[in-house]
Amino acid sequence: MRIIAATCLALSLFAAPAVAGDYTSGSLTIENPWTRAMPPGAKVGGGFMVITNSGDAADTLVALKTPRADRGEIHEMTMAEGVMKMRELEAGLEVPAGGSVELKPGSYHVMFMGVTDGFKEGETIEGTLVFQNAGEVPIAFTVGPVGGKMAPMKHD
Ligand SMILES: [Cu+2]
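Residues numbered from 1 in each chain as written. Predicted model: local features only at pLDDT ≥ 70, side-chain atom pairs only at ≥ 80, totals over all residues. Heavy atoms only, no water.

Within an unreviewed UniProt entry, the label attached to the chain reads Copper chaperone PCu(A)C, and the organism entered is Microbaculum marinisediminis.

This is the structure we're talking about:
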């Protein structure tokens, strides 16, 4: 595993955003963006990652751009009276100063809307996160198995 981890690190240093891994922009770090393989015919998918802000001002994730979907949205999933509900966060998702936000299944996530070419396990999906202060940060999502609940690749 050490060789694989070292290779991932080298690739992410020299070839970002072509491969998944960790990304930094100013005081923001985006860890291991991932998504799931899509069953045939599926048109939407969720994207997950951990965003950490080491700066002294809050920043806000306001958009996801990707060539693989008609549009990206930022969503929150909550349980209300036993029913999972998803809603778009129209003002974006705040990443507090000196804190982090976890985008994960059943919680905050980015959403790929209107996907025509379904994601396949093992491929990477290029995208750009847009932050209010930090601006555009290109990343790539690793695609895990259909229905996966955890990030498919760990670097530590
Ligand atoms: Cu959603």
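Following the structure, the description resumes.
Caption draft 1: The coordination of the copper ion, seen in detail. Taken together, the protein donors to the copper ion comprise His 75 (ND1), Met 86 (SD), His 109 (NE2) and Met 111 (SD), at separations of 2.1 to 2.4 Å. One can describe the site at the copper ion as tetrahedral: its four donor atoms subtend angles covering 95 to 120 degrees at the metal. Sequence positions of the residues that donate to the copper ion give the spacing H-x10-M-x22-H-x1-M. With His 75 in strand 5 (residues 71–80) and Met 111 in strand 9 (residues 108–113), the pair connects residues that are 36 residues apart, well separated along the chain. You can call His 75 buried: its relative accessible area is 5%. (Donors = N, O, S within 2.8 Å, 3.2 Å for Na, K, Ca; no water. Tetrahedral: all angles 85-135°; square planar, octahedral: opposite > 155°, others 65-115°. Helix = DSSP H or I, 4+ residues; strand = E, 2+ residues; numbered from the N terminus. Buried < 20%, exposed > 50% of the residue type's maximum accessible area, 1.4 Å probe, protein only.)

Caption draft 2: Quick peek at the nonpolar core. Ile 30, Met 49, Leu 61 and Phe 131 are the most contacted members of the largest nonpolar core, which totals 28 residues. Among the secondary structure elements, those contributing two or more residues to this core are strand 2 (28–36), strand 3 (44–53), strand 4 (59–65), strand 7 (93–95), strand 8 (99–103), strand 9, strand 10 (124–131) and strand 11 (135–144). Considering each element in turn, this core owes the most residues, five residues, to strand 11. Not counting the four nearest positions on each side in its chain, Met 49 is found in contact with Ile 30, Glu 31, Asn 32, Pro 33, Val 101, Glu 102, Leu 103, Val 110, Leu 129, Ile 139 and Phe 141. (Core = buried A, V, L, I, M, F, W, Y, C linked by side-chain atoms within 4.5 Å. Contact = heavy atoms within 4.5 Å.)

Caption draft 3: Layout of the packing of aromatic side chains. Evaluated as defined, the whole model comprises three aromatic pairs. For the pair Trp 34 and Phe 48, a centre-to-centre distance of 4.7 Å together with 45 degrees between the ring planes defines the contact as tilted. With Trp 34 in strand 2 and Phe 48 in strand 3, this residue pair connects regions lying 14 residues apart in the sequence. There is no split in this pair, since Trp 34 and Phe 48 are both buried. Relative to Phe 141, the ring of Phe 112 has its centre 5.2 Å away and its plane inclined at 75 degrees; by these criteria the two rings are edge-to-face. With a gap of 29 residues between them, Phe 112 in strand 9 and Phe 141 in strand 11 connect regions that are remote in the sequence. Relative accessible area serves as the criterion here: at 0%, Phe 141 is assigned to the buried category. By the ring-pair criterion, three or more aromatic residues cluster together here, those being Phe 112, Phe 119 and Phe 141. (Phe/Tyr/Trp six-rings, centres within 6.5 Å; stacked < 30°, edge-to-face > 60°.)

Caption draft 4: Just the environment of Leu 89, in detail. As for its position among the elements, Leu 89 is in the loop between strand 6 (83–88) and strand 7. Its relative accessible area of 13% is what places Leu 89 among the buried residues. Residues Leu 89 and His 75, 14 residues apart in the sequence, show an inter-C-alpha distance of 5.4 Å. Excluding residues that lie within four positions of it along the chain, Leu 89 makes contacts with Ile 74, His 75, Glu 76 and Tyr 108.

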